[in-house]
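Residue strings, one per chain:
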Amino acid sequence: MRLSPLLRLLILTQLAFNIGFFAVLPFLSEHLGQTIGMAGWLVGFVLGLRTFSQQGLFVVGGALADRYGIRPVVLAGCALRIAGFAWLGHADSTATVIGAVLLIGFAAALFSPAVESEVARQAVVWEERGNGSRTRVLALFTVAGQAGAFVGPLLGGLLLAVDFRVVCLAGAGTFVLVLAGHAWLLPQHIPGRERIRAKGGVRVLLRNRRFLALCSAYGAYLLAYNQLYLALPAEVERATGSQTALAWLFALSSLLVVTAQLPVTRWVGDRLALRRSMVAGMLLISAGFAVVALARPAGWTGTAGLLPAAGFVVLLTFGQMLVAPVARAWVPDLAEDGRLGLYTGALSSVSGLIVLVGSSLTGTLLDTGLPAAVPWLVLAAVPLGAIVVLPRRA
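Residues numbered from 1 in each chain as written. Predicted model: local features only at pLDDT ≥ 70, side-chain atom pairs only at ≥ 80, totals over all residues. Heavy atoms only, no water.

Topic: the overall build of the chain
Here comes step 1: Summing up its helical and strand segments, the chain has 16 helices and zero strands in all.
Here comes step 2: Its C-alpha atoms give the chain a radius of gyration of 20 Å, within 12% of the compact-globule value 21 Å for 394 residues.
Here comes step 3: Here the chain, with 394 residues, has 57% of them falling under the buried criterion.
Here comes step 4: By sequence separation, contacts in the chain at least 24 residues apart represent 86% of the contacts at least 6 residues apart.
Here comes step 5: Positive and negative side-chain charges in the chain, numbering 29 and 16 respectively, have mean positions lying 7 Å apart. (Helix = DSSP H or I, 4+ residues; strand = E, 2+ residues; numbered from the N terminus. Rg over C-alpha atoms; globule rule 2.2 N^0.38 Å. Buried < 20%, exposed > 50% of the residue type's maximum accessible area, 1.4 Å probe, protein only. Contact = heavy atoms within 4.5 Å. Lys, Arg positive; Asp, Glu negative; His and termini not counted. Charge placed at Lys NZ, Arg CZ, Asp CG, Glu CD.)

Considerations on the side chain of S286
Here comes step 1: Here S286 shows up in helix α13 (residues 274–295).
Here comes step 2: Other than its neighbours up to four places away in sequence, S286 contacts A380, P383 and L384.

Let's talk about the packing of aromatic side chains
Here comes step 1: Under the defined criterion, the tally for this structure stands at eleven aromatic pairs.
Here comes step 2: Judged by centre distance (5.3 Å) and plane angle (45°), the rings of Y218 and Y221 are tilted. Here Y221 and Y218 lie together in helix α10 (residues 209–225), a separation of three residues that amounts to about one turn.
Here comes step 3: Every member of this aromatic cluster is reached through a ring pair, and the members are F17, F85, F111 and F175. (Phe/Tyr/Trp six-rings, centres within 6.5 Å; stacked < 30°, edge-to-face > 60°.)

Quick word on the side chain of T174
Here comes step 1: By the secondary structure assignment, T174 is in helix α8 (residues 164–185).
Here comes step 2: For T174, a relative accessible area of 16% translates into the label buried.
Here comes step 3: Residues in contact with T174, not counting those within four places in the same chain, are A16, I19 and G20.

Thoughts on the pattern of salt bridges
Side chains that differ in sign of charge can pair as their charged atoms come close.
Here comes step 1: Tallied over the entire structure, the rule returns five salt bridges.
Here comes step 2: Measuring nitrogen to oxygen at the nearest pair gives 3.0 Å for the salt bridge that ties E127 to R134.
Here comes step 3: Classification of E127 as partly exposed rests on a relative accessible area of 28%.
Here comes step 4: Given a relative accessible area of 13%, R134 falls into the buried group.
Here comes step 5: Across the pair E235 and R238 runs a salt bridge whose closest N-O atoms are separated by 3.0 Å. Here the residue E235 and the residue R238 both occupy positions in helix α11 (residues 231–240), the gap between them amounting to three residues, near one helical turn.
Here comes step 6: Under the relative-accessibility criterion, E235 is labelled buried at 4%.
Here comes step 7: The partly exposed category is assigned to R238, whose relative accessible area is 28%. (Salt bridge = Lys/Arg side-chain N within 4 Å of Asp/Glu carboxyl O.)

So, the packing of α13 against helix α14 (residues 302–334)
In a pair of packed helices, the angle between the axes and the distance between the axes together describe the arrangement.
Here comes step 1: In the contact formed by α13 and α14, the axes pass within 8 Å of each other and the chain directions differ by 160°. Relative to α14, the element α13 lies roughly antiparallel. Between α13 and α14 lies a crossing whose hand is left-handed.
Here comes step 2: Tallied by class, residues from the contact of α13 with α14 come to 22 nonpolar, five polar and one charged. (Axes fitted to C-alpha atoms, helices over the stretch in contact; angles between N-to-C directions. Parallel < 35°, antiparallel > 145°, perpendicular 65-115°, else oblique. Left-handed = near helix turned anticlockwise from the far one by under 90°. Nonpolar A, V, L, I, M, F, W, Y, C, P; charged D, E, K, R; others polar.)

Examining the nonpolar core
Here comes step 1: Of all hydrophobic cores here, the largest spans 114 residues; its most connected members are L88, F211, Y221, L228, L232, M278 and F312.
Here comes step 2: In terms of residue count, helix α6 (residues 94–128) provides more of this core than any other element does, 14 residues in total.
Here comes step 3: Contacts of Y221, omitting those with residues within four sequence positions, involve M282, I285, Q320, V323 and A324.
Here comes step 4: Within the second largest apolar cluster, seven residues are counted, among which are A260, V264, V268 and L322. (Core = buried A, V, L, I, M, F, W, Y, C linked by side-chain atoms within 4.5 Å.)

Concerning a nonpolar patch on the surface
Here comes step 1: Taken together, the side chains of V60, L64 and Y68 present a nonpolar region at the surface, about 220 Å² in accessible area.
Here comes step 2: Take L64: it is sitting in helix α4 (residues 58–68). (Patch = residues over 30% accessible without salt bridge, like charges linked within 9 Å, V, L, I, M, F, W, Y side chains within 5 Å. Areas by Shrake-Rupley, 256 points an atom, 1.4 Å probe, with all protein chains shown as cover.)

Looking at helix α3 (residues 40–56)
Here comes step 1: For α3, with 17 residues, the first-to-last C-alpha span of 22 Å sits near the 24 Å given by 1.5 Å per residue.
Here comes step 2: Counting buried residues in α3 gives 13 out of 17 residues, a clear majority hidden from the surface. (Expected span 1.5 Å × (residues − 1).)

So, the packing of α10 against α13
Here comes step 1: Packing of α10 against α13 brings their axes to within 11 Å, and their N-to-C directions diverge by 30°. The angle between the axes of α10 and α13 places the two elements in the roughly parallel class. In this structure, α10 crosses over α13, and the sense of that crossing is left-handed. Within the contact between the two elements, α10 uses L214, A217, Y221 and A224 and α13 uses M278, M282, I285 and F289.

Nothing here speaks to function; it is all geometry.
In structure tokens:
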């Protein structure tokens, strides 16, 4: 794939972002529950709050990127995430954890929509020049992110043997390097990207029913995907008595995306329209939850007990390969001219609100003592509901 220097920089940005982020996030749930002593519902709420402060405020970061350009927004986001990770490493109470988590989330709400919207815009330009489907560029962006998600947990798992604070400081150090690199390499002005100063974009967005339908479906997908950090750690703990295997399951997911995302995108792009691709992905994700639900009554432990969790990770990952690049590729077709940052941010903001509510409910569901299969069957229904609300045409 012949990519411009800017696209290469933005794709490498996603790699670096995720190395720093996933060095910390997979181990946060256990830290909150075991070290700080939070109840299950509160852990779920904090994780949902982190997602909402990130995804929910993407619309702010996207609008700022439309108005001021991506460089100042990306640099500010990196600086705030450095501070947030350093704070989280020293937080020892519910209030300080929530403050650090909010800062970490808001930092991503600044830089991620700026980067994602520009990648989507550059992907459209790449497609218009006859290089192929825009989904291939967005799939490569996903691969870079998952490569970071592969390396991050392995790095975090090694450092966790020392202390969770060391893990957080390593995450902060990664973003110090990202900040320095972008201060040097990111252009002051990107050709073809005009800054928008007129108001009123949000009102038009809220009347865009097809876009809001896509937001709702993507939010249901993100809630299902977020169970990698809530339901999956609980299942691994039940099966093995520890969360040691969790890092390897995250590595499995990332390795699958790194090796299979581009071939899958190419194969699906030649055969399925945008909507059908998302439907197929949601069905795979639902099947992943169903695998664990069917196995839970048997109460398997040890290596055998990890097999349903591994099946869940594999099916969820293949579903993600179909859903995530297509959703991003769909947004430019639904957005107003010059408002791609706003619409990219709104896609994540609506989904973040869904995750905030849904994660608290999921944490409560996992703690209620219901029959073993019930929580996983309820979660299997979430991506099926996403299919119902998807826009009827691409």
